[in-house]
Structure formats: structure tokens, C-alpha cells
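The primary structure of each chain is shown beneath.
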Amino acid sequence: MQRVLVMGSSGSGKSTFARRLSEMTGIPTVSIDALFWKPGWVASNREEFGRRMTEVTQQPRWIMDGNYTKSAGELRRQLADTVIWFDLPRSTCMVGILTRIAKSYGKVRPEMAEGCPEKIDLEFFRYVWTYRRQQRPVLIEFFEGLRPDQSFVCFTRRTQADAYLGDLARKQNRASIH
């Protein structure tokens, strides 16, 4: 595991998982949101964002947190050796974003760009509410392009992600003993 894509709906736990995986493996995280957004929640233009995405994919090791399949998506899919998909229910993701807002309102989260504090955004709520109908099919199509040599892991519950990290920790502990 050297280049990992962590994908799924907002509020699913992607960023927390990516951060924990990075802490365990030493592989640096790349927040795609931090590359896309500029201070004040200003979106990057397509060319600039594509250039940034292409640059970070050239690093030898990364854990990329986020979807953005249209910006260097093919390149990231080709370079990734592992793809982790949080395919969680709408209710879990909605509670996730509401909890995140309650904890972080007015503050910039670690995985966000500077100058982009957590806020209440009805358009964002709509995005998460409609994610399974509108965005999930896009990701399923994206995953169909994976090669047999790439690992694909799908979590349908957060407890599965916790168990995955627990198993990884146990394997690392066993390896350090030998």
C-alpha cells in the first residue's frame, strides 16, 4: 500500500479514516478539498486544479481523501494501488456532516484549505442528501476501471473501517516483533 484513494460521500468518515491510516503507515495524506478550495470557499478553475492534482499524484506515496473523478481522476485511478470506498447510508452521512458542523462551526478543519471555515450550507446538505442517487453511480463507473492488481475495499458501515484499521495495527505489531 503506497498510493491510496479514499472515496465516498461527504460525512462518511473519509477524512478521519485517511488521517488515521496515515498515522499508522506514515504515508502522507492529500486532501483533495484543500487543493480545490481557495480562501473564502472560492473554487479553483479547472486547469489550475487539474495541474495541482497532477503534481501531487507524482509523489511516490499518498493517501488521497476525496472524489473529484473529473480532475486527474483517470491518472489517480491508474496510479493508485488501493481504493477504499465509504458506501454508507444517507442517514449516516447526514448525521456525519451535522456532527462535524456542530464540532467545527466557524473553524477550519485540518483537511480543508486555509480560509474555509466550517459553515451551514444548504446546497452542501442537498449534495449529501442526493449523493446516493447522483454521485454514487459516477463512482461505481469509476471503480469499474480498476485493474485486477489494485486492491478495492468497500465499507458499508463505519465499524468496518475501524475493524480494517485494527487489523492493520495488529499486522504491524506482529511484523515489528519478528
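Residues numbered from 1 in each chain as written. Predicted model: local features only at pLDDT ≥ 70, side-chain atom pairs only at ≥ 80, totals over all residues. Heavy atoms only, no water.

I'd like a description of the packing of aromatic side chains, backed by residues and values.
As enumerated under the stated definition, the model contains 15 aromatic pairs in all. For the ring pair F49 and Y68, a centre distance of 5.1 Å and an interplane angle of 65° mean the geometry is edge-to-face. A residue pair is termed long-range when its members are at least 10 positions apart, and F49 in helix α3 (residues 46-57) and Y68 in the loop between β5 (62-65) and α4 (73-79) qualify at 19 residues. We classify F49 as buried; its relative accessible area is 1%. An angle of 65° between the planes, with centres 6.4 Å apart, marks the rings of Y127 and Y131 as edge-to-face. (Phe/Tyr/Trp six-rings, centres within 6.5 Å; stacked < 30°, edge-to-face > 60°. Helix = DSSP H or I, 4+ residues; strand = E, 2+ residues; numbered from the N terminus. Buried < 20%, exposed > 50% of the residue type's maximum accessible area, 1.4 Å probe, protein only.)

Pulling in residues and values, what's your account of unusual backbone geometry?
For W41, which is not a glycine, the phi torsion comes out positive at approximately 60°. By the secondary structure assignment, W41 is in the loop between β3 (37-38) and β4 (42-43). According to the relative accessible area criterion, W41 is partly exposed, its value standing at 22%.

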